[in-house]
Amino acid sequence: MADDLKPHHPSREDWNARTRLVHGGIRRSQYGEVSEAIFLTQGFVYDTAEQAEARFQKAGDDEFIYARYGNPTVRMFEERLAGLEGAEDCFAAASGMAAVNGALSSMLKAGDHVVSSRALFGSCLYILEDILSRYGVEVSFVDGTDLAQWQAALRPGTKAVFLEAISNPTLEVIDIRAVADLAHAVGAVVLVDNVFATPVFQRSLDLGADVLIYSATKHIDGQGRVLGGAILGTREFIRKTVEPYMKHTGGSMSPFNAWVLLKGLETLDLRCRAQAETAARIAAALDGHPKLARVIYPTLASHPQRDVSARQMEGGGTVLSIDISGGQEAAFRVLNALRIFTISNNLGDAKSIVTHPATTTHQRLPDAQKAELGITPGLVRVSCGLEDSGDLLADLEAALALI
Ligand SMILES: *Cc1c(COP(=O)(O)O)cnc(C)c1O
């Protein structure tokens, strides 16, 4: 048999996502442990003063100095996620917001211009609208789904473009390839917060994003335990731009959290697919419900960016939003009547969660801005968990029947 016809083991580079999520980035210690070790240590010792000096000059791949700079368990998490995304490198952050702030602040300086989509997670909006302007960075906001607005706002020398691939809570889908083409034409770096799309359903780097940002608190943990974040990009960007900023300003991930999140990655693909199947089922079943003004889910025929989501996403994600016709009072009655869904503000969790954005996550926004973003008084964000989808649908239908 010719060599190339013999069965062969897939090489590490050819592993598919599910294999990478279980085996990627492992650094096994001399004890040969099965489950990744938690190196819950702040510091590292040196055999000699000369070794310490050499390590401070240039730390090798397996050499660590201080947990704020890096840690073996955190490094496993970074390598596993980078391997999944096909990114050259990753820096793990203490939370999603430490990652968003680290990615932006490390690359921007006074006088720079940024273009951002307007429909952002509240804390992302705070960084772009309130913090960056204090340091002399100019930010132009656009409707992320309107390419003409991106084109008009971008100018020669625009330093960066920031967007959430799927917006929270109205689930607008931005055409990443089209925005990246416009941004790259003026030399801007494209940063994508990919939380709602998840690493399972959307490969934003392949679509033209330069930098990917995650809140690992959401689907990557997926079981409501720890905060975490990650910045992914080229080795040059992560090690020369992001790392110096993060390691000196203190936004690094804890080794314990990295261990929890490594375990989360092992089941990420299975969980996201099961949760998205439930979300799609509930969205389809509630579409057209007489008590609802609107059901929003990226793969529904009624979704305004249905074509874009079909092109760039493998599924619709684990979250849908419903707009209850009776406004805030009716929305509160539905939330309070639910027995399986819990009222909280997280998403991507094994437990199904409902959120009333207008009075919680987006409470701070003036009414006019809420209206502009489609955050109506009746809007409820529904994050589907791992429970039985029939039970969840029945829970929602029973609550809706009360209004
Ligand atoms: C939750 C979230 C963040 C912030 O993440 P934390 O881990 O809570 O700091 C940023 N962006 C989006 C889209 C999010 O959903």
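A brief look at the structure comes next. (Residues numbered from 1 in each chain as written. Predicted model: local features only at pLDDT ≥ 70, side-chain atom pairs only at ≥ 80, totals over all residues. Heavy atoms only, no water.)

1. Some words on the sheet that holds strand β5 (residues 189-193)
With mixed pairing, the seven strands of this open sheet are ordered in space as β1-β7-β6-β5-β4-β2-β3. The open sheet has two edge strands with one neighbour each: β1 (89-93) and β3 (138-142). Direction aside, neighbouring strands of the sheet carry axes that sit 20° apart on average. Relative to strand β4 (residues 160-164), strand β2 (residues 113-117) is paired through three bridges, and the arrangement is parallel. Counted as the bridge partner of Val-115 is Val-161 from β4. Across the sheet, helix α3 (residues 72-85) lies against β1, β6 (211-215) and β7 (229-233), angled at about 130° from β1, the strand it touches most. Strands in contact with helix α9 (residues 235-249) are β1, β6 and β7; relative to β1, the strand with the most contacts, it is inclined by about 20°. (Pairing = 2+ DSSP bridges. Helix = DSSP H or I, 4+ residues; strand = E, 2+ residues; numbered from the N terminus. Axes fitted to C-alpha atoms, helices over the stretch in contact; angles between N-to-C directions. Contact = heavy atoms within 4.5 Å.)

2. Some words on the sheet that holds strand β9 (residues 319-324)
If you walk across this open sheet you meet the five strands as β8-β9-β12-β11-β10, and the pairing is mixed. Looking along the sheet, the strands with just one partner apiece sit at the ends: β8 (292-296) and β10 (342-343).

3. Here we look at the site of the ligand
Lining the immediate environment of the ligand, one finds 13 residues, of which Gly-96, Asp-193, Ser-215, Thr-217 and Lys-218 sit closest. Here a nitrogen atom of the ligand sits 2.6 Å away from a polar atom, N or O, in the side chain of Asp-193. A distance of 2.8 Å separates an oxygen atom of the ligand from a polar side-chain atom of Lys-218. Burial of the ligand by the protein chains amounts to 92% of its free accessible area of 380 Å². More than half of the atoms belonging to the ligand lie within 2 Å of the grid points that define the second largest pocket. Residues that form the shell around the ligand fall into these classes: five nonpolar, five polar and three charged. (Near = heavy atom within 4 Å. Polar contact = N/O pair within 3.5 Å; in protein donor to acceptor, adjacent residues only side chain to side chain. Areas by Shrake-Rupley, 256 points an atom, 1.4 Å probe, with all protein chains shown as cover. 1 Å grid on protein atoms, 1.4 Å probe; cavity = no way out; pocket = protein on both sides within 12 Å on 5 of 7 lines; lining within 4 Å. Sits in = over half its atoms within 2 Å of the grid points. Nonpolar A, V, L, I, M, F, W, Y, C, P; charged D, E, K, R; others polar.)

4. What about the pairing of β2?
In terms of residue burial, β2 counts as a mostly covered element, since five of its five residues are buried. Covered by surrounding structure in β2 are His-113, Val-115 and Ser-117 together with Val-114 and Ser-116, the residues of both alternating faces. As paired strands, β2 and β3 are joined by five bridges and run parallel to one another. Among the inter-strand pairings, Val-115 is bridged to a residue of β3, identified as Ser-140. Handedness of the crossover joining β2 and β3 through helix α5 (residues 122-134): right-handed. (Buried < 20%, exposed > 50% of the residue type's maximum accessible area, 1.4 Å probe, protein only. Right-handed = clockwise from strand over helix to strand, strands pointing away.)

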